[in-house]
Amino acid sequence: MKKDFSHREIEKKWQDIWEKKGVFRVSNRIGEREKKYYLLEMFPYPSGELHMGHVSNYAIGDTYARYLRRNGYKLLYPMGYDAMGLPAENAAIKKGIIPSEWIKKCIANMMVQQRQLGLSYDWERLVNTSESEYYRWNQWIFIKFLEKGLAYKKKAAINWCPSCGTTLANEQVENGKCWRCASDVEIRIKEQWYFKITEYAEELLNDLDGLYGWPEAVKIQQRNWIGRSSGAIVRFKLEDSDYSIPVFTTRPDTLYGSTFLLLAPQHPEIMDIASGNKEEIQRFINETAVTSIKEKEVKEKKGIYLGINAVNPLNGRSIPVYIANFVFMEYGTGAIMSVPAHDQRDFEFAKKYGLEIVEVIRGSDTKYDGTCAYEGPGKLINSDKFSGMESRQAIEEITSYLEETGKGAKSVQYKLRDWLISRQRYWGTPIPVVYCEKCGIVPVKECDLPVKLPGDVEFTGKGNPLETSSGFRQTSCPECGGTASRETDTMDTFVDSSWYFLRYINPHTSDKPFKTEEVNSWLPVDQYIGGIEHAVLHLLYSRFFTRALCDLGLVNFREPFRNLLCQGMVVKDGSKMSKSRGNVVTADEINMKYGADTARLFILFASPPEKDLEWSDEGINGCYRFLKKLWRMVQEETDTAKKPDEGSPDDKFLHLLHNSVKSVTIDISRDFHFNTAIARIMELVNGLRDYPPGSQERRMGLKTAVNLIGPFSPHIASEMWELLGGEKILDEEGWPEYDEKIISRTRTVMEIPVTVNGKLREKLLVSPDTPDADILKLAKEKEKVRQFIDGRKMIKEIYIPKKIINFVVKEV
């Protein structure tokens, strides 16, 4: 009797079995002969509802996790929640509850949805960054950083979001707007806490070359963000003052042509040194300070004179000091020496404001002609004793002269700035210091950690709620016992995510953040999976944290992640899925209609993991039909009373079987080409239709196909495996093996699946030496393919040589 195909019943059954048997739990002890593997996805913010973008990330990780276990790896595969931050605080304001209540509900709902997807996490290692048992160790690490000089406080210009009522790191300002709420960002001067990430700038830059398992795009972004430059620091003394403005330049050879100085609007000393109309100056700062580098290149050059002059250290000439909207603190010292004859931006500024232009470099074929700047190298002119020198020699000679006279020095500068961690919000880790009139800034004693978030706060949507709690603010000094006040800033939530991957090893340890010996045995993470949007923020901060913790003797490695996979976005109607666009497809609605196995299969089949995936109702229907077809074939096989034939299977079948296992194994293990792996499984299943139920080939092929589809669609595969007489549950079975000799002996032709919009339409039979161009041409000529591409617009031709062809088309 045929058993009904009920995905809800099957999924619930196997989720309960996995939980009861503890199939996915793993101990920390790694035996001498055990192969360990640490697989991790970037943990999510608990928004409370999964959409198909989440499913994509988790399906990639879980498929690989199940494959690794089946290949004998002792696998660590945990999950947690990045639960601090502004969204929870905003929800508290809107709903009239404290953030912890809202977060608990969101986490509970997401866990249910993740379990329904069949994700094989070791749930006993769950980490929630909003729990005091976790953030106490943020505070402990902060104190260690403070002791080592990696945490410090300074008065500086900061990016301020008036809507959120908090400061933002440079990385969190996008095109002059807050990355969370998109409000215009302002510049303010405030004392803030920083982590000294620049201490590791050179190492963070150089060690990118050794990250062979990282996408080059991510490494390029980090190199650009760190931004190393070699040059000189030149000190420009202000007239009638002892104060000097330090300027970094990569072109000391042009110093004699510097006729004015420009400061970034964020420069912290502006209001202290300015003698002009300070109200007008502040207005200019607020209007122009926060601008992206791209905008500064295209905007009209604007400036304002500060009413002060500086002295050119080489020729002694008086030069005016301005603020300019195209100078930014992310480069050098936030001040530049302007050489309008040899820098186009300076030239445009000088022309606009009637400033002097002096030519000091003349090229062999080109020179400054008064219409635009000459920016190339050449021989120096109008440069006193350095005139006649070539630029390269003059750079060295002038730098040496500056050092000899105490007016400058050779320097390496980075675009990277120290990490601003202060936030004026409630839902974050309290910074564990107090302010005492007698003792100054005093860290909280380790035995008094954690400094917990108070419950008696008011959420008005304005300012920092912690400042409304007298019970929190008022305390005693850890050193003298006198009256003191707590720091009311909390830490940037990127602190939480900069070391969470270490906490998974010992999530319940109460006397230390983690056990060093056990962490050293599991890390670095072997495979990390997440979005490329975290290339600069999270990934760079995690690399910094790991180095700092290594220098503190807490770990023995300096890179946290060996390999990195950046998955693409799920796109619908041409745009990334988002609530604001109204194009979100939720996990719940897909699970209800098709089941988790179909959702996972479609997500992985429709596109390579690193590419964007275009949502397709037709595509998910096709995957659903395929699973139903495989289910019916298994039913037919279990219903037949015929015994399998004796003797050896035929060569055609053996080639199909072993080549399929080989292709799927390679596609999963080497390249994460899950889409081609699934296509090969579909090809295998279609090939089995040439053999009747009860035949040796049909039975052997079905067991192999079910085995191979297991990591992708684990619930229905486990059920089919049981129906086919599997002695153990599928997740405890070994991975199928292939024999290269059999493949070689039986090789005659190759079968290449051809799909249209992710649905299998044809199989090409070609010889292994057929040129790729001929294969593509042949595919388009096939009648079963032509009927789906003729008259439609070809969006993309995806061809993985000798493996799969996919034509992406849409109606005209």
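Residues numbered from 1 in each chain as written. Predicted model: local features only at pLDDT ≥ 70, side-chain atom pairs only at ≥ 80, totals over all residues. Heavy atoms only, no water.

Some points on the overall build of the chain
Inference 1: What the chain contains, in helices and strands, is 26 helices and 34 strands.
Inference 2: On the principal axes, the C-alpha backbone points of the chain span a range of 105 × 75 × 50 Å.
Inference 3: Counting over 812 residues, the chain shows a buried share of 57%.
Inference 4: Once local pairs closer than 6 in sequence are excluded, the contacts in the chain between residues at least 24 apart make up 72%.
Inference 5: As displayed, the chain offers around 34,400 Å² of accessible surface, 47% of which is attributable to carbon and sulfur atoms.
Inference 6: Side-chain charges of the chain comprise 113 positive and 115 negative groups, with the mean position of each set lying 3 Å from the other. (Helix = DSSP H or I, 4+ residues; strand = E, 2+ residues; numbered from the N terminus. Buried < 20%, exposed > 50% of the residue type's maximum accessible area, 1.4 Å probe, protein only. Contact = heavy atoms within 4.5 Å. Areas by Shrake-Rupley, 256 points an atom, 1.4 Å probe, with all protein chains shown as cover. Lys, Arg positive; Asp, Glu negative; His and termini not counted. Charge placed at Lys NZ, Arg CZ, Asp CG, Glu CD.)

Structural notes on the sheet that holds strand β34 (residues 804-811)
Inference 1: Across the sheet, four strands lie side by side as β32-β31-β34-β33; this open sheet has mixed pairing. Edge positions in the sheet fall to β32 (759-766) and β33 (792-800), since each has one partner strand and no second. Geometrically, the sheet is characterised by an average inter-axis angle of 20° between neighbouring strands, direction not taken into account.
Inference 2: With eight bridges joining them, β33 and β34 adopt antiparallel strand pairing. Bridged to M794 within β34 is V809.
Inference 3: Helix-sheet contacts for helix α25 (residues 772-781) involve β31 (750-756), β32, β33 and β34, and the interaxial angle to β34 is about 45°. (Pairing = 2+ DSSP bridges. Axes fitted to C-alpha atoms, helices over the stretch in contact; angles between N-to-C directions.)

Points about unusual backbone geometry
Leaving glycine aside, a negative phi is the common case for residues, and trans is the common case for peptide bonds.
Inference 1: Cis geometry is adopted by the peptide bond preceding P450, which originates at L449 and carries an omega value of 5°.
Inference 2: Turning to its location among the elements, P450 is positioned in the loop between β22 (440-443) and α13 (470-473).
Inference 3: The peptide bond linking L523 to P524 adopts the cis configuration, its omega dihedral lying at 5°.
Inference 4: The backbone of D240 shows a phi angle near 55°, a positive value even though the residue is not glycine.
Inference 5: Structurally, D240 can be placed in the loop between β10 (228-238) and β11 (244-249).
Inference 6: The exposure class assigned to D240 is exposed, which follows from its relative accessible area of 84%.

Remarks on the sheet that holds strand β21 (residues 433-436)
Inference 1: Here we have four strands laid out as an open sheet, ordered β22-β21-β24-β23, and antiparallel in their pairing. Two strands in the sheet have a free side with no partner beyond their single neighbour: β22 and β23 (474-476). Averaged over all adjacent pairs, the angle separating strand axes in this sheet is 40°, with direction ignored.
Inference 2: Across four bridges, the pairing between β21 and β22 is antiparallel.

A short note on the domain arrangement of the chain
Inference 1: According to the domain assignment, the chain contains domain 1 (7-131 + 499-511 + 522-591), domain 2 (151-195), domain 3 (228-414), domain 4 (617-744) and domain 5 (749-811).
Inference 2: Spacing between the C-alpha centres of domain 3 and domain 4 amounts to 69 Å. (Domains from an automatic or database assignment.)

Here we look at the packing of aromatic side chains
How two aromatic rings sit relative to each other is given by the distance of their centres and the angle of their planes.
Inference 1: Under the defined criterion, the tally for this structure stands at 44 aromatic pairs.
Inference 2: Relative to W419, the ring of F195 lies with its centre 5.6 Å away and its plane at 80°, an arrangement referred to as edge-to-face. Here F195, found in strand β9 (residues 186-195), pairs with W419, found in strand β19 (residues 419-420); they are 224 residues apart in sequence, far enough to count as distant.
Inference 3: Ring geometry for F501 versus F561: centroids 4.9 Å apart, planes at 70°, classification edge-to-face. Of this pair, F501 sits in helix α14 (residues 500-503) while F561 sits in the loop between α16 (537-551) and β27 (564-566), and the two are 60 residues apart along the sequence. As far as the burial class goes, F501 and F561 line up, both buried.
Inference 4: Taken together, the aromatic side chains of F142, F145, W193, F195, Y200, W419, F494, Y541, F544 and F545 make up a single cluster linked through ring pairs.
Inference 5: The positively charged end of K35 is found above the aromatic ring belonging to Y73, 4.2 Å away from the centroid.
Inference 6: R66 extends its terminal NZ or CZ atom over the ring of W18, reaching a point 4.4 Å from the ring centre. (Phe/Tyr/Trp six-rings, centres within 6.5 Å; stacked < 30°, edge-to-face > 60°. Lys NZ or Arg CZ within 6 Å of the ring centre and 35° of its normal.)

With respect to the environment of E348
Inference 1: Within the fold, E348 resides in helix α11 (residues 344-353).
Inference 2: Through-space distance from the C-alpha of E348 to that of C372 is 8.2 Å; in sequence the pair is 24 residues apart.

Overview of the pairing of β34
Inference 1: Inspection of the sheet shows β31 paired to β34 by three bridges, in the parallel sense. If you follow T755 over to β34, its bridge partner there is N806.

Observations regarding the packing of helix α18 (residues 596-605) against helix α19 (residues 617-639)
Inference 1: The contact between α18 and α19 brings their axes to 9 Å, and the two run at 120°. By the angle class used here, α18 and α19 are oblique. As α18 packs across α19, the resulting crossing turns out to be right-handed. Residue-level inspection shows D597, T598, A599, L601, F602 and F605 of α18 in contact with α19, the latter providing G619, I620, C623, Y624, F626 and L627.
Inference 2: Each residue belonging to the contact of α18 with α19 can be placed in one class, and the counts come to nine nonpolar, two polar and one charged. (Parallel < 35°, antiparallel > 145°, perpendicular 65-115°, else oblique. Left-handed = near helix turned anticlockwise from the far one by under 90°. Nonpolar A, V, L, I, M, F, W, Y, C, P; charged D, E, K, R; others polar.)

A short note on the side chain of S391
Inference 1: Structurally, S391 is set in helix α12 (residues 391-404).
Inference 2: There is a polar contact of 3.1 Å between the side chain of S391 and the side chain of D253.
Inference 3: Once residues within four sequence positions are removed from consideration, S391 is found in contact with R251, D253, I361, P377, G378 and L380. (Polar contact = N/O pair within 3.5 Å; in protein donor to acceptor, adjacent residues only side chain to side chain.)

A look at α16
Inference 1: A rise of 1.5 Å per residue sets the reference length of α16, with its 15 residues, at 21 Å; its end C-alpha atoms lie 22 Å apart and thus fit the reference within 8%.
Inference 2: Along α16, 14 of the 15 residues are buried, which leaves the element largely enclosed by surrounding structure.
Inference 3: Residue G553 follows α16 closely and has a positive phi angle near 80°. (Expected span 1.5 Å × (residues − 1).)

Focus: the environment of S718
Inference 1: With respect to the helices and strands, S718 occurs in helix α23 (residues 714-723).
Inference 2: Ignoring anything within four residues of it in the chain, the contact list for S718 reads W14, W18, L730 and D731.

What to know about the pattern of salt bridges
Inference 1: All told, the structure shown has 48 salt bridges when counted by the stated rule.
Inference 2: For K153, the salt bridge goes to E487, with nearest N and O atoms at 3.4 Å. Of the two residues, K153 sits in strand β5 (residues 151-161) while E487 sits in the loop between β24 (483-486) and β25 (490-491), which places them 334 residues apart along the sequence.
Inference 3: On the basis of relative accessibility, which here comes to 6%, the residue E487 falls in the buried class. (Salt bridge = Lys/Arg side-chain N within 4 Å of Asp/Glu carboxyl O.)

Quick look at the pairing of β24
Inference 1: For β21 and β24, the ladder comprises three bridges, and the chain directions are antiparallel. Looking at β24, one finds that C436 is bridged to A484.
Inference 2: Strand direction decides the pairing type here: β23 and β24, joined by three bridges, are antiparallel. Note on β24: the bridge partner recorded for Q474 is S485.
Inference 3: Between β23 and the antiparallel strand that follows it, β24, lie six residues; G481 among them carries a positive phi value of about 80°.

Re helix α2 (residues 52-70)
Inference 1: Compared with the 27 Å implied by 1.5 Å per residue over 19 residues, the 26 Å span of α2 between its first and last C-alpha is a close match.
Inference 2: Counting buried positions over the 19 residues of α2 gives 19, a clear majority of the element.
Inference 3: Two residues or fewer past α2, G72 is found with a positive phi of approximately 90°.

Some points on the state of the cysteines
Inference 1: The tally for this structure, following the rule as stated, stands at zero disulfides.
Inference 2: Between C447, a cysteine without a disulfide, and C477, which holds the nearest cysteine sulfur, the sulfur-to-sulfur distance is 13 Å.
Inference 3: For C447, a relative accessible area of 63% gives the class exposed. (Disulfide = S-S within 2.5 Å.)

Overview of the environment of L168
Inference 1: Mapping L168 onto the fold places it in strand β6 (residues 166-168).
Inference 2: Accessibility expressed as a relative area gives 2% for L168, which makes it buried.
Inference 3: Between the alpha carbons of L168 and E11 there is a distance of 44 Å; along the sequence they are 157 residues apart.
Inference 4: If sequence neighbours within four positions are ignored, L168 has contacts with N159, C161, V173, C178, W179, V185, L420 and R423.

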